Amino acid sequence: MDDEELKFEDYLRLEKEFRNDTVKHYLYYYRVFKPFKLNKEDVRYFLLKKCPNYVARAFLRTYIRFVKNNITEYPHLKEDDLLEEKLFPEKPKSKARKIPEVITKDEVERLINETNTQRNKVMLILSFYGGLRLRELMGISVHDFFWSEWEKNQESSGKLKITARNAKNGKERFVSLPGEMMRMIYIYLVDNNRNDHLFDIVGRTWQKHLEKESIRILGKKVNPHMLRHSFATHCVENNIPIEQVKSMLGHSDISTTQIYLHFSQQKIKESYERVFN
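These numbers were taken from a predicted model, which means no experiment stands behind them.

Peer 1: Tell me what's going on with helix 3 (residues 40-50), and back it up with residues and numbers.
Peer 2: The complete set of buried residues in helix 3 reads Val-43, Phe-46 and Leu-47. Along the axis of helix 3, the buried positions cluster into a sector of 85 degrees, meaning they face one direction only. Opposite its buried face, helix 3 presents the exposed residues Glu-41 and Lys-49, each directed more than 90 degrees away. Two or three places before Glu-41, at the opening of helix 3, Asn-39 has a side-chain oxygen 3.2 Å from that residue's backbone nitrogen.

Peer 1: Let's hear about the packing of helix 1 (residues 3-15) against helix 4 (residues 54-70): which residues, and what values?
Peer 2: Where helix 1 meets helix 4, the closest approach of the two axes is 11 Å, and the angle between their N-to-C directions is 110 degrees. Here helix 4 runs roughly perpendicular to helix 1, going by the angle between their axes. Facing Glu-4, Lys-7, Phe-8, Tyr-11 and Leu-12 of helix 1, the residues of helix 4 in contact are Phe-59, Thr-62, Tyr-63, Arg-65, Phe-66 and Asn-70. Taken together, the residues that form the contact of helix 1 with helix 4 break down as six nonpolar, two polar and three charged.

Peer 1: For helix 4, give the residues involved together with the corresponding values.
Peer 2: For helix 4, with 17 residues, the first-to-last C-alpha span of 24 Å sits near the 24 Å given by 1.5 Å per residue. For helix 4, the N-terminal capping position is held by Asn-53, with its side-chain oxygen 3.0 Å away from the main-chain nitrogen of Val-55.

Peer 1: Could you give me a rundown of the packing of aromatic side chains, with the residues and numbers involved?
Peer 2: On inspection of all chains with the given rule, the structure shows 28 aromatic pairs. Ring centres of Trp-147 and Trp-150 lie 6.0 Å apart, and the angle between their planes is 70 degrees; on these two criteria the pair is classed as edge-to-face. One end of the pair, Trp-147, and the other, Trp-150, are both in helix 9 (residues 147-152), three residues apart, so they sit about a helical turn from each other. Taken as a pair, Trp-147 and Trp-150 share a single burial class, namely buried. Lying across the ring of Phe-146, Lys-159 places its NZ or CZ 4.6 Å from the centre. For the cation-ring pair, Lys-159 lies above Phe-174, with the distance from its terminal atom to the ring centre recorded as 5.2 Å.

Thresholds applied
- Residues numbered from 1 in each chain as written.
- Predicted model: local features only at pLDDT ≥ 70, side-chain atom pairs only at ≥ 80, totals over all residues.
- Heavy atoms only, no water.
- Buried < 20%, exposed > 50% of the residue type's maximum accessible area, 1.4 Å probe, protein only.
- Helix = DSSP H or I, 4+ residues; strand = E, 2+ residues; numbered from the N terminus.
- Arc of directions from axis to C-beta.
- Polar contact = N/O pair within 3.5 Å; in protein donor to acceptor, adjacent residues only side chain to side chain.
- Axes fitted to C-alpha atoms, helices over the stretch in contact; angles between N-to-C directions.
- Parallel < 35°, antiparallel > 145°, perpendicular 65-115°, else oblique.
- Contact = heavy atoms within 4.5 Å.
- Nonpolar A, V, L, I, M, F, W, Y, C, P; charged D, E, K, R; others polar.
- Expected span 1.5 Å × (residues − 1).
- Phe/Tyr/Trp six-rings, centres within 6.5 Å; stacked < 30°, edge-to-face > 60°.
- Lys NZ or Arg CZ within 6 Å of the ring centre and 35° of its normal.

Printed below as a string of structure tokens:
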């Protein structure tokens, strides 16, 4: 991979939070498109002759946005100038939204207790107990915690600020963390002399570590977004109001949060049917 491809992969995983299959498809089209330039002629040829399908179109839209925001060579790039609707096949009908994959709180605690490094423990704590996106996790600074408030009463919960620069929708929010977890985070940053960024690891490396550790400990693969899904599901199952869960997750739209409510109701239905049918 060249530097731009690595940056594009990080953009897909951290900023767009695409699934692994989507990332693989987009990286494939990235390599196919690489000999071409971002001009109308090359875009037209790529979409009409080389890859005349909707996934290629979706890739190109995402790639143009990535280039516009990250590559200084194209500061005035206009997406609509390059992507004429008549070039593309009709978008397929939306599929029903998938029920998110989750793990139980007990499984999360097994991961935390049995994982092999102090840093991994802290990353697991923040991912689950904070309900963080991968991009938010990777952007945390030591200074984003409200240490002085927590030090007054270390039995109480602590607070972490998710800054606008790291949040997906650019909106700042605050995350609560149990006092015990705050102590573990504090010990980690003191032991490892962390003065600025909390972690010295990139997102895709953490994802590989987590998948490897979860297979070793739980016998199944867990990815960072599953921890966020699991946090949301745990909140809903413990009767935290859906509006509060929306705020905790930093969702812009309540309908995004409501999938966890449907998931919880589906689990109740399945349990009932297993017992009484």
